[in-house]
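# Inside the fold
Here is how the chains run, residue by residue.
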Amino acid sequence: MMLRTCRVLCSQAGPSAGGWQPLSFDGGAFHLKGTGELTRALLVLRLCAWPPLVTHGLALQAWSQRLLGSRLSGALLRASIYGQFVAGETAEEVKGCVQQLQTLGLQPLLAVPTEEEPDSAVKTGEAWYEGNFSAMLRCVDLSRGLLETPGPTGNILMQLKVTALTSARLCKELTSWIRKPGASLELSPERLAEAMDSGRDLQVSCLNAEQNQHLRASLSRLHRVVKHARAQHVRLLVDAEYTFLNPALSLLVDALAMRWNSPGEGGPWVWNTYQAYLKDTHERLRRAAEAADRAGLAFGVKLVRGAYLDKEREVAQHHGTEDPTQPDYEATSQSYSRCLELMLTQVSHRGPMCHLMVASHNEESVRQATKRAGRLCRV
């Protein structure tokens, strides 16, 4: 669900509603699903909760391809896991799925399923990233074209994965430099934003010539994607990744925000994602919200729990560093609640200059968000 401003929230309740209407999780959304789809969903979700399958999923997929062949193995995936989680392989398939969701009052948030894993083989040249850039532009156009009646300007959303447009290795290098005490101002958002906007050559002393060239190409790709999305009235929600990449990702988001989240642009066109399962998230979110307010910039946040728990703990153990994640589920839920309260207060104070997406499957978190938003509407 997405919360924008109290004015929007209250207007959605309608004049005859007599106030905020609580959400209901009575299963009414399932009436559009056939027995086969519901059975598949139950089976797939049960399998996804089975640890051996989660741990060895890629190995099992490779084994399936060798045993059954690519065509039969692919058909099996499309009929099961792929069919459950992916809207479609073609624009028409995606549009059919979206139209079904729209009957329930749901809007799409498309994502290009392309990224570079930090420990994967290094891509050669810029061709791979340029190909992803072209895919991003097509996804922006598809996002715009999916809604026959888009509604309020800028009410269309799309996910953006930065490691599809710049190498994870470069992000790790930038992160290690950012974390050094007294990091140089040459990596400031202001400097990166000026380089994006002007197209001038950018040289960063902590990078070699090849890395500097890749950084300039990456900044150009990011800037052009946001420029195209802005022209199509599509807001971009930048995905968070691993803690050893996130400082670099946030630096790039801050640079884009300086250019595209100014008051005259009509709200935030570039959002960042905050992971509540990390111990420092509430403090980072508070500082970011205050910095945006001081700078007069619009602020967009997607609030999630997080998806890289095992990897984060494994990396911390390998390097002998403190585990950056919350100790348990309860602590993560408390962190999510605190971040949610912080952002809902920001939304109520800053109005259309602050947008929030409550990106959670957790019913209690969604209930908390709607109840708190209802109270803020009445203040």
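First, a word on scope: everything that follows refers to the structure included in this document. Owing to the predicted nature of the structure, the values given are computational and were not obtained by experimental measurement. (Residues numbered from 1 in each chain as written. Predicted model: local features only at pLDDT ≥ 70, side-chain atom pairs only at ≥ 80, totals over all residues. Heavy atoms only, no water.)

Let us look at the overall build of the protein chain. Secondary structure summary: the protein chain contains 15 helices and seven strands in total. Across the 379 residues that make up the protein chain, the buried fraction comes to 42%. Of the contacts made within the protein chain by residues no fewer than 6 positions apart, 76% connect residues no fewer than 24 positions apart. Carbon together with sulfur atoms contributes 55% to the accessible area of the protein chain, which is approximately 20,100 Å² in total. (Helix = DSSP H or I, 4+ residues; strand = E, 2+ residues; numbered from the N terminus. Buried < 20%, exposed > 50% of the residue type's maximum accessible area, 1.4 Å probe, protein only. Contact = heavy atoms within 4.5 Å. Areas by Shrake-Rupley, 256 points an atom, 1.4 Å probe, with all protein chains shown as cover.)

What follows deals with the nonpolar core. Formed by 56 residues in total, the largest nonpolar core has its most connected members in Met136, Leu160, Leu215 and Leu236. Those elements that place two or more of their residues in this core are helix 6 (91-102), helix 7 (127-146), strand 3 (156-160), helix 8 (168-178), helix 9 (189-198), helix 10 (209-231), strand 4 (234-238) and helix 11 (246-260). Per element, the largest residue contribution to this core is eight residues, and it comes from helix 11. Once residues lying within four places of it in the same chain are set aside, the contact partners of Leu215 are Leu170, Leu174, Leu202, Val204 and Leu207. Residues Leu285, Val301, Leu340 and Leu356 belong to the second largest nonpolar core, which totals 20 residues. (Core = buried A, V, L, I, M, F, W, Y, C linked by side-chain atoms within 4.5 Å.)

Turning our eyes to something else, we now look at the pattern of salt bridges. A side chain with one charge can pair with a side chain of the opposite charge if their charged atoms come near. The tally for this structure, following the rule as stated, stands at 19 salt bridges. When the shortest N-O distance is used, the salt bridge between Lys302 and Asp239 registers 3.2 Å. Here the residue Lys302 occupies a position in strand 6 (residues 299-304), and Asp239 occupies one in the loop between strand 4 and helix 11, the gap between them amounting to 63 residues. By relative accessible area, Asp239 is classed as buried at 13%. One network of salt bridges, with partners in common, ties together Glu126, Glu130, Arg221 and Arg224. (Salt bridge = Lys/Arg side-chain N within 4 Å of Asp/Glu carboxyl O.)

With that out of the way, let us pick up the packing of helix 8 against helix 11. Contact geometry for helix 8 and helix 11: axes closest at 7 Å, N-to-C directions at 90 degrees. When the interaxial angle is binned, helix 8 and helix 11 end up roughly perpendicular. Facing helix 8, whose interface residues are Cys171, Leu174, Thr175 and Ile178, helix 11 presents Pro247, Ala248, Leu249 and Leu251. Residues that form the contact of helix 8 with helix 11 fall into these classes: seven nonpolar, one polar and no charged. (Axes fitted to C-alpha atoms, helices over the stretch in contact; angles between N-to-C directions. Parallel < 35°, antiparallel > 145°, perpendicular 65-115°, else oblique. Nonpolar A, V, L, I, M, F, W, Y, C, P; charged D, E, K, R; others polar.)

With that out of the way, let us pick up the packing of aromatic side chains. This model, assessed by the stated rule, comprises three aromatic pairs. Between the aromatic rings of Tyr242 and Phe244, the centroid separation amounts to 5.2 Å while the plane-to-plane angle is 5 degrees, which identifies the pairing as stacked. We classify Phe244 as buried; its relative accessible area is 15%. Linked through ring pairs, Tyr242, Phe244 and Tyr308 together constitute an aromatic cluster. In this arrangement the basic side chain of Arg224 is found over the ring face of Phe133, its NZ or CZ atom lying 4.3 Å from the centre. Over the aromatic face of Trp260 sits the side chain of Arg259, whose NZ or CZ is 4.0 Å from the ring centroid. (Phe/Tyr/Trp six-rings, centres within 6.5 Å; stacked < 30°, edge-to-face > 60°. Lys NZ or Arg CZ within 6 Å of the ring centre and 35° of its normal.)

With 22 residues, helix 14 (residues 329-350) extends 31 Å between its outermost C-alpha atoms, agreeing within 8% with the 32 Å of an ideal straight helix rising 1.5 Å per residue. Of the residues flanking the start of helix 14, the one acting as N-cap is Asp328, its side-chain oxygen 3.3 Å from the backbone nitrogen of Glu330. Phi for Gly351, located one or two positions after helix 14, is positive at around 60 degrees. (Expected span 1.5 Å × (residues − 1). Polar contact = N/O pair within 3.5 Å; in protein donor to acceptor, adjacent residues only side chain to side chain.)

Here we come to the pairing of strand 5 (residues 270-275). Counting buried positions along strand 5 gives six out of six residues, so the element sits mostly inside the fold. In strand 5, alternate side chains face the same way, and those of Val270, Asn272 and Tyr274 on one face and Trp271, Thr273 and Gln275 on the other are all buried. With two bridges connecting them, strand 4 and strand 5 associate as parallel partners. Paired with Leu236 across the strands is Val270, a residue of strand 5. Read as a crossover between parallel neighbours, the route from strand 4 over helix 11 to strand 5 is right-handed. (Pairing = 2+ DSSP bridges. Right-handed = clockwise from strand over helix to strand, strands pointing away.)

Bear in mind that shape data such as this cannot, by itself, settle questions of function.
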